[in-house]
Amino acid sequence: MKKSIFAVIAVFFMLAFYSCKKEVTLTFSEDIIIDLGSTDEDVLKFVSASDGSTVNVSGIDYDLVGEQTATFKAGDVSETKVVKIKSDKLAGLYQISVFITEENNEYELTVGEGWLITLTKGSNYNQINIPDSIDKGFVMFIDQGKLVVTFNGKDSAYIPGYTGRFKFSTSKESEFTFSNIKYGTLAKGKYAITEFILNEFVSGYNHYYRIQLDRKD
């Protein structure tokens, strides 16, 4: 009988303990928008736990521009949240080189000096603008105005195709598409777009140009 009473009392205290224990909640101060090359510490400035416990974050590649889904944990509590990484650090001065691929051989079309081009921030946090001309006014992507690069986090970056002209093509009008957009880290924590492929389709034929970009600032 006494054992039964002690068992009931033990259960009572356990229920009382758990009923008094408050559930931990995570609070986010605002949308999480950070720079390329940021760290967990930068992200955790946006979040706090209701009981003051340590919050950990995982699932972010800080070298990729665009939207990613991060997991935040504090004790037994876990919550996912979108983290946005800006493209700003990709803007700057570049040297542009154009190569054409013919019969498995590559030939450079941008001979001589002065092939400098300035990439600028786009209208959205995850975009970069590539102007249609180099800094000295030589128009390359004719009738296009600018190329807008959109970065999609862990998915591939994207440049919309267009119908028009390209300075190194003999065609008066072709269809152009873009692929293999590459970017990454340079020395001293700088970032750069390094290259992309321009595919020209005209009169049943494809021509491939490799556009190489070398950061200069």
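Chains are numbered independently. Their residues run from 1 in the order of the written sequence. Only residues with pLDDT of at least 70 get local features here, since the model is predicted, and only at 80 or more are side-chain atom pairs given and counted; chain-wide, interface and lining totals rely on the full set of residues. Side-chain figures throughout are based on the complete set of non-hydrogen atoms in the structure, without hydrogens or water.

**Q** How should the nonpolar core be read in this particular structure?
**A** A general trend in soluble globular proteins is that nonpolar side chains are found buried together. The term nonpolar core refers to a set of buried residues drawn from Ala, Val, Leu, Ile, Met, Phe, Trp, Tyr and Cys, joined through side-chain atoms within 4.5 Å. Categorising residues by exposure relies on relative accessible area from a 1.4 Å probe, with only protein chains included: less than 20% of the type maximum marks a residue as buried, more than 50% marks it as exposed, and the intermediate range marks it as partly exposed. L26, V43, F72, L90, F166 and F196 are the most contacted members of the largest nonpolar core, which has 53 residues in total. Broken down by element, the residue count for this core peaks at five residues, all from strand β15 (residues 191-202). Under the DSSP-based scheme used, a helix requires at least four consecutive residues in state H or I and a strand at least two consecutive residues in state E, with every element numbered from the N terminus.

**Q** Sorry if this is basic, but what is going on with the side chain of S133 here?
**A** You can see S133 is positioned in the loop between β10 (127-131) and β11 (141-142). With a relative accessible area of 18%, S133 lands in the buried category. A polar contact of 3.4 Å, which involves the side chain of S133, links it to the side chain of D132. Contacts are residue-level and defined by heavy atoms, with any inter-residue pair within 4.5 Å sufficient. Excluding residues that lie within four positions of it along the chain, S133 makes contacts with I117, F138, V139 and M140. Each polar contact in these results corresponds to two N or O atoms within 3.5 Å; when the atoms are within protein, one needs to be able to donate a hydrogen and the other to accept it, and residues that are neighboring in sequence are counted only if both atoms are side-chain atoms.

**Q** Just checking my understanding: could you explain the confidence of the model for the chain for this structure?
**A** Detailed conclusions should not be drawn from predicted coordinates in areas where pLDDT is low. The quantity called pLDDT is the predictor's confidence in a given residue, expressed from 0 to 100. For the chain, mean pLDDT is 89; residues scoring 70 or higher make up 90% of the total. In the model, residues 6-20 has pLDDT below 50 throughout and makes zero contacts with residues more than four positions away in sequence or in other chains.

**Q** Can you help me understand the pattern of salt bridges in this one?
**A** A pair can form between side chains of opposite charge whenever their charged atoms are brought close. A pair is scored as a salt bridge if a Lys or Arg side-chain nitrogen falls within 4 Å of a carboxyl oxygen belonging to Asp or Glu. Counted under the stated rule, the structure contains eight salt bridges. D143 is the salt-bridge partner of R165, the closest N and O atoms lying 3.4 Å from each other. Here D143 lies in the loop between β11 and β12 (146-150) and R165 lies in strand β13 (residues 162-166), a separation of 22 residues in the sequence. By relative accessible area, D143 is classed as exposed at 58%. The salt bridge involving K182 is made with E195; its shortest N-O contact spans 3.4 Å. Remark: E195 occurs in strand β15 and K182 occurs in strand β14 (residues 174-185); sequence separation between them is 13 residues. Judged by relative accessible area, E195 falls into the buried class, the value being 16%. Residues joined in a network through salt bridges with shared partners are E106, K182, E195 and R210.

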